[in-house]
Amino acid sequence: GLDVRRADSIDLAPFIRATGDNPAVDNQAPGRVLTAPRRTGADFVIEDNRPYGACVEGITRSALSHAHMAAESAHDREHVTSSIKRRRDLFNVVYAQAPAPLARPSLHLSVDTREDLDWLRELYFRPGASEPSLSHPIAADGRSSPRTAA
């Protein structure tokens, strides 16, 4: 609901959806995802093969509004992009390949627990790190991760 109200209040098309529990987003991902709907005609774009919690989504305003109006469950009203991904008969969904150095789908980088937050803070802000980067947890390759994606 909130995403739809925000999209309707400003004239953005397409726009990026990123969530606060996914702090490990590659800073170039929004640019790649924003250009894909124009290039492919997609309603929804997400990079495939990324670590869990390291993605942003590109969505057209019309797809977001249509999915919100058609939502039948509380889950779909709150997480409107889940119905877009599920309803490929209604939406043109594109799963773009993530750049090879970032392809680690088993790595869990979403912050869902205090343990997740502590682990990501340790990776991103360890002594000697010049700037937080998705390359830090990728380089760790999940060995010290409190969990990996299912």
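Look above for the structure.
Here the structure is a predicted model, which is why all the values come from computation and not from measurement.

Asks: How should the pattern of salt bridges be read in this particular structure?
Replies: Proximity of charged atoms lets side chains of opposite charge pair with each other. Tallying each qualifying case throughout the model produces eight salt bridges. Here Glu 57 and Lys 85 are joined by a salt bridge, their closest N and O atoms 3.6 Å apart. Here the residue Glu 57 occupies a position in strand S3 (residues 57-59), and Lys 85 occupies one in helix H5 (residues 80-86), the gap between them amounting to 28 residues. A salt bridge links Asp 89 to Arg 87; its shortest N-O distance comes to 2.6 Å. Asp 89 gets classed as exposed once you look at its relative accessible area, which sits at 57%. What makes Arg 87 partly exposed here is its relative accessible area of 34%. Here the salt bridges share partners, and the residues they tie into one network are Asp 26, Arg 32, Glu 47 and Arg 50.

Asks: Quick question: what am I supposed to make of the side chain of Thr 60 here?
Replies: With respect to the helices and strands, the residue Thr 60 is situated in the loop between S3 and helix H3 (61-70). The exposure class of Thr 60 is buried, given its relative accessible area of 15%. Among residues more than four places away in sequence, those in contact with Thr 60 are Pro 14, Pro 37, Ala 42 and Asp 43.

Asks: Sorry, what's going on with the sheet that holds strand S1 (residues 15-17) here?
Replies: Each strand in a sheet pairs with another by means of backbone hydrogen bonds, the pair being arranged parallel or else antiparallel. Spatially, four strands are ordered S1-S3-S2-S4 in an open sheet, and the strand pairing comes out mixed. Of all the strands in the sheet, the pair left with one neighbour each is S1 and strand S4 (93-97). Going across the sheet, the axis of each strand differs from the next one's by a mean of 30°, ignoring polarity. In this sheet, S3 lies alongside strand S2 (residues 44-48) in antiparallel orientation, the contact comprising three bridges. Directly across from Ile 46, in S3, lies its bridge partner Glu 57. Contacting S1, S2, S3 and S4, helix H2 (residues 29-40) crosses the sheet at an angle of about 130° to S2.

Asks: Can you help me understand the nonpolar core in this one?
Replies: The nonpolar side chains of a soluble globular protein tend to be buried, and buried together. Phe 15, Phe 44, Ile 46, Cys 55, Ile 59, Ala 63, Leu 64, Ala 67, Val 80, Ile 84, Phe 91 and Val 93 form the largest nonpolar core, which has 12 residues in total. Breaking this core down by element, the ones donating at least two residues are S2, H3 and H5. At three residues, H3 tops the list of elements feeding residues into this core. Core analysis: the next-biggest nonpolar cluster, separate from the first, contains 11 residues, Leu 107, Leu 120, Tyr 124 and Leu 134 among them.

Asks: For this particular structure, what's the right way to read unusual backbone geometry?
Replies: Leaving glycine aside, a negative phi is the common case for residues, and trans is the common case for peptide bonds. Even without glycine at this site, Asn 49 takes up a positive phi of about 80°. Turning to its location among the elements, Asn 49 is positioned in the loop between S2 and S3.

Asks: Would you take a moment to explain the side chain of Asn 22 for this structure?
Replies: Tracing the sequence through the fold places Asn 22 in the loop between S1 and H2. Asn 22 gets classed as buried once you look at its relative accessible area, which sits at 17%. For Asn 22, the side chain forms a polar contact with the side chain of Thr 19, separated by 3.1 Å. Apart from the residues lying within four places of it in its own chain, the contact partners of Asn 22 are Gly 53, Cys 55 and Ser 110.

Cut-offs used in this document
- Position numbers for residues count from 1 along each chain, tracking the sequence in the order it is written.
- Reporting in this predicted model follows two pLDDT cut-offs: at least 70 for local features of residues, and 80 or more for side-chain atom pairs to be given and counted; totals over whole chains, interfaces and linings ignore these cut-offs and use all residues.
- To get the side-chain values, all heavy atoms of the structure are used, and hydrogens and water are removed first.
- Here, a salt bridge means any side-chain nitrogen of Lys or Arg that lies within 4 Å of a carboxyl oxygen of Asp or Glu.
- Runs of E in the DSSP output that reach at least two residues are strands. Runs of H or I that reach at least four are helices, and both are numbered from the N terminus.
- Think of it in three bands: residues with accessible area under 20% of the maximum for their type are buried, residues over 50% are exposed, and the middle band is partly exposed, with areas taken using a 1.4 Å probe on protein chains only.
- Only heavy atoms matter for contacts: two residues are in contact if any of them lie within 4.5 Å across the pair.
- DSSP-based pairing: two strands are paired if at least 2 bridges between them are found.
- Convention adopted: a line fitted to C-alpha atoms gives each axis, helices being fitted over their contacting stretch, and angles between N-to-C directions are expressed from 0 to 180 degrees.
- In this text, buried Ala, Val, Leu, Ile, Met, Phe, Trp, Tyr and Cys residues form a nonpolar core when linked through side-chain atoms within 4.5 Å.
- Any pair of nitrogen or oxygen atoms within 3.5 Å is treated as a polar contact; in protein, a donor-acceptor pairing is required on top of that, and neighbouring residues in sequence qualify only through side-chain atoms on both sides.

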